[in-house]
Amino acid sequence: NMHYQTEERGHPNCPEYRIYFKTSEGKYVSPFHDIPLIAQSEQVLFNMIVEAPRWSNAKMEIATKEPLNPIKQDTKKEKLRYVANIFPYKGYIWNYGALPQTWEDPNHLDKDTKCCGDDDPVDVCEIGTQVCFPGQVVQVKVLGILAMIDEGEMDWKVIAINADDPEAKKLNSLEDVCRTRPGHLEATVDWLRKYKMPDGKPENKFGFNEQFQDKDFAVEVIKSAHEHWRALVQKQSSGGGISCKNVTCCNSPFKCSAEEARDVVHSAIPRPLHLAARIPFLPRKWFKHIYN
């Protein structure tokens, strides 16, 4: 199993802030394309890129359209985006991130939900007891999946647990989660349904009558998304504005040298010495009106 390091550019809570990835040898890589999906085949463990830690508010995400795909904070109308505190929750209620080498193809119609992909890697809600940090690469055990439909787009949410978590051995299925953590899955649906409402958007919808699907179903979704990603980096599918620059993918026309990858990072804004920008007041508020 490879270990990965991160390198910050810019400063947190600033639009220019980026988290780049590199190997333990200092070779810069893309977390989207160069970190393997499969972490350990014997136990069927997957790599997860942590974007937003539990209880945080900054909407961090892999920058799919930037070279080497660093993690950045999402913006809308040139303003940084934060998820609101929706009573009784504080920020994200799990470690939230994505599976590398997966892509929800916007041209692929899902046979069950009749929706096309959202043009991003597959999302993961990691329910372990530890609080991770942005850019952390953790090995997770998949437990199930939820079919969220975000403004008409398919946006799968994998439920998983860090394989190193003290409780990981006890959790092997959604039934185990229900038995040991009653209300946890219900809270996940509730949070995902309402988290955009403070921004004036409608509730998110779900396929399968809001029911989670089991881990076997989840693994098939992941495999399909992996094949769509493979077609993307081999230029067999159109990725629109997605940057497929990578340093390790065989037979990829987007493969670049280690020197080119280094130049991408070194051309990014350096880390400034001034203090981080003040976090806007929004994430410090509780939003309760949506329950009335």
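Up top is the structure these notes are about.
Please read all numbers here as calculations on a predicted model, not as lab measurements. (Residues numbered from 1 in each chain as written. Predicted model: local features only at pLDDT ≥ 70, side-chain atom pairs only at ≥ 80, totals over all residues. Heavy atoms only, no water.)

1. So, the packing of aromatic side chains
Then, in step 1: One pass over the structure, following the stated rule, counts eight aromatic pairs.
Then, in step 2: Ring geometry for Trp-94 and Trp-191: centres 5.0 Å apart, planes at 70°, overall edge-to-face. Of this pair, Trp-94 sits in the loop between strand S10 (85–86) and strand S11 (95–98) while Trp-191 is found in helix H2 (residues 184–194), placing the two residues 97 residues apart along the sequence.
Then, in step 3: Trp-94 sits in the buried class, given a relative accessible area of 0%.
Then, in step 4: Trp-191 sits in the buried class, given a relative accessible area of 2%.
Then, in step 5: On the numbers, 4.7 Å between centres and 10° between planes, the contact of Trp-191 with Tyr-195 is stacked. (Phe/Tyr/Trp six-rings, centres within 6.5 Å; stacked < 30°, edge-to-face > 60°. Helix = DSSP H or I, 4+ residues; strand = E, 2+ residues; numbered from the N terminus. Buried < 20%, exposed > 50% of the residue type's maximum accessible area, 1.4 Å probe, protein only.)

2. What to know about the pairing of strand S15 (residues 153–162)
Successive side chains on a regular strand alternate, one facing one side of the sheet and the next facing the other.
Then, in step 1: Within S15, nine of the ten residues are buried, leaving the element largely enclosed by the surrounding structure.
Then, in step 2: Here two bridges tie strand S12 (residues 116–117) to S15, and the two strands are oriented parallel to one another. Looking at the pairing, Gly-117 lines up with Met-154 of S15.
Then, in step 3: Note: strand S13 (residues 123–126) against S15, four bridges, orientation parallel. (Pairing = 2+ DSSP bridges.)

3. Quick word on the pattern of salt bridges
Then, in step 1: Enumeration according to the criterion identifies 22 salt bridges in this entry.
Then, in step 2: Lys-65 is paired through a salt bridge with Asp-119; the nearest N and O atoms lie 3.9 Å apart. Of this pair, Lys-65 sits in the loop between strand S6 (60–62) and strand S7 (71–73) while Asp-119 sits in the loop between S12 and S13, and the two are 54 residues apart along the sequence.
Then, in step 3: Judged by its relative accessible area of 52%, Lys-65 is exposed.
Then, in step 4: The salt bridge involving Lys-157 is made with Asp-155; its shortest N-O contact spans 3.2 Å.
Then, in step 5: When salt bridges with common partners are traced through the structure, they connect Asp-190, Arg-193, Lys-194, Glu-203 and Glu-210 into a single cluster. (Salt bridge = Lys/Arg side-chain N within 4 Å of Asp/Glu carboxyl O.)

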